[in-house]
Amino acid sequence: LANSVILSGTGLHTGKNSNITILPAESNQGITFKRIDLKKNNFIKANYKNVTKATLCTTLENEHGVKVSTVEHLLAALYISEIDNAIIEIDNEEVPIMDGSAKDFMEILEKIKLKTLSGKRKYLKILEKIELVDGSRKISIQPDESFQVDFQLNYKNKIIGNQRNTINFDTDNLDKVINSRTFCLYEDIELIKKNGLAKGGSLDNAVVVDKDKVLNSEGLRNEKEFVNHKILDLAGDFLLSGFRVLGKVKCYQGGHELTNMFLRKLLK
């Protein structure tokens, strides 16, 4: 970033309002969160090793127990915007959900001038296939000259079903991925809320599916919105590797937890 940018909104899980300032950073600093509501030990590096929870969102935590959660959509927007270094000041523990996609983040970032820093961008080039199988879930990566994601869902729900899509982040138009919102089944909402989550959730920031219909009055933004959102999540979580990855990821029934388990295996 050439200069800073400010945004605010409600946290999906906490229901609390958060204000964010994204500031320029030096070469090779990567992405760092700073909890400005705390006076000390308030820096949290956006790194896969700092992921301490990955249920319904990605939560980062430093060695002092200071957390920031639901980082994945903002990280995906930074990745797509080609921003490698930034300090993200936040006055709460959760990044705002905005409309449930990366669209609002992208619109804000696209208005800001970018500058090229002196350091070289770090790439991680995959030379051989690596796979992780966890029960019915699996994820792998194989050599490729670009970053590609082939993702398949497997839901009993007829509307979500077995959606599959492949996206090349270097050559494809990413609008549908950027605009795709987080989603849930209506029948799961009560359990999610019982666990103290989704306090800020609404039809304004999530797609809710009840049996054979979408409850949002405007319907879906694109026919593969469910799997496209999962691809968006994966791109955000992959930025936590600290690299721009060159490889083709194939994921079946995955999510934040599986992606983090995979990054740990891949980078070991």
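Structure: see above.
Structural notes, computed from the coordinates. Since the model is a prediction, treat every value here as computed from it, not as a measurement.

Cut-off values and rules
- Each residue is numbered by its place in its chain's sequence as written, counting from 1.
- In keeping with the predicted nature of the model, local features appear solely for residues at pLDDT of at least 70, side-chain atom pairs appear and are counted solely at 80 or more, and the whole-chain, interface and lining totals rest on all residues.
- Where side-chain values are given, they derive from all heavy atoms of the structure, hydrogens and water being excluded.
- Two strands qualify as a pair provided that DSSP identifies no fewer than 2 bridges between them.
- Under the DSSP-based scheme used, a helix requires at least four consecutive residues in state H or I and a strand at least two consecutive residues in state E, with every element numbered from the N terminus.
- Multiply 1.5 Å by the residue count of a helix minus one, and that product is the helix's expected span.
- Burial here depends on accessible area, computed with a 1.4 Å probe over protein chains only, as a share of the maximum for the residue type. Under 20% is buried, over 50% is exposed, and the range in between is partly exposed.
- Pairing of aromatic rings covers Phe, Tyr and the six-membered ring of Trp, with a centre-to-centre limit of 6.5 Å; geometry is then stacked below 30 degrees between planes, edge-to-face above 60, and tilted otherwise.
- Comment: the charge-over-ring label is applied if NZ (Lys) or CZ (Arg) is within 6 Å of the ring centre and within 35 degrees of the ring normal.

**Describing the sheet that holds strand β16 (residues 213-214)**
On the basis of which strands lie adjacent, the open sheet formed by three strands has the order β14-β15-β16 and mixed pairing. Edge positions in the sheet fall to β14 (183-185) and β16, since each of these pairs with one other strand and no more. Relative to β16, strand β15 (residues 207-210) runs antiparallel, the two being bridged by two bridges. Bridge assignment links V209 to a residue of β16, and that residue is V214.

**Let's talk about helix α5 (residues 225-238)**
Taking 1.5 Å per residue as the helical rise, α5 with its 14 residues ought to reach 20 Å, and the 20 Å between its terminal C-alpha atoms agrees with that figure. Burial analysis of α5 places 14 of its 14 residues in the buried class, which makes it a mostly covered element.

**Considerations on the packing of aromatic side chains**
In the structure shown here, the tally under the stated rule is six aromatic pairs. An angle of 35° between the planes, with centres 5.3 Å apart, marks the rings of F147 and F169 as tilted. Of the two residues, F147 sits in strand β12 (residues 147-152) while F169 sits in the loop between β13 (164-168) and α3 (175-179), which places them 22 residues apart along the sequence. For the pair F147 and F169, a shared accessibility class is recorded, and that class is buried. Taken together, the aromatic side chains of Y79, F147, F169 and F238 make up a single cluster linked through ring pairs. Directly above the ring of Y79 sits R244, whose terminal nitrogen or CZ lies 4.3 Å from the centroid.

Scope: geometric values only; no functional claims are made or implied.
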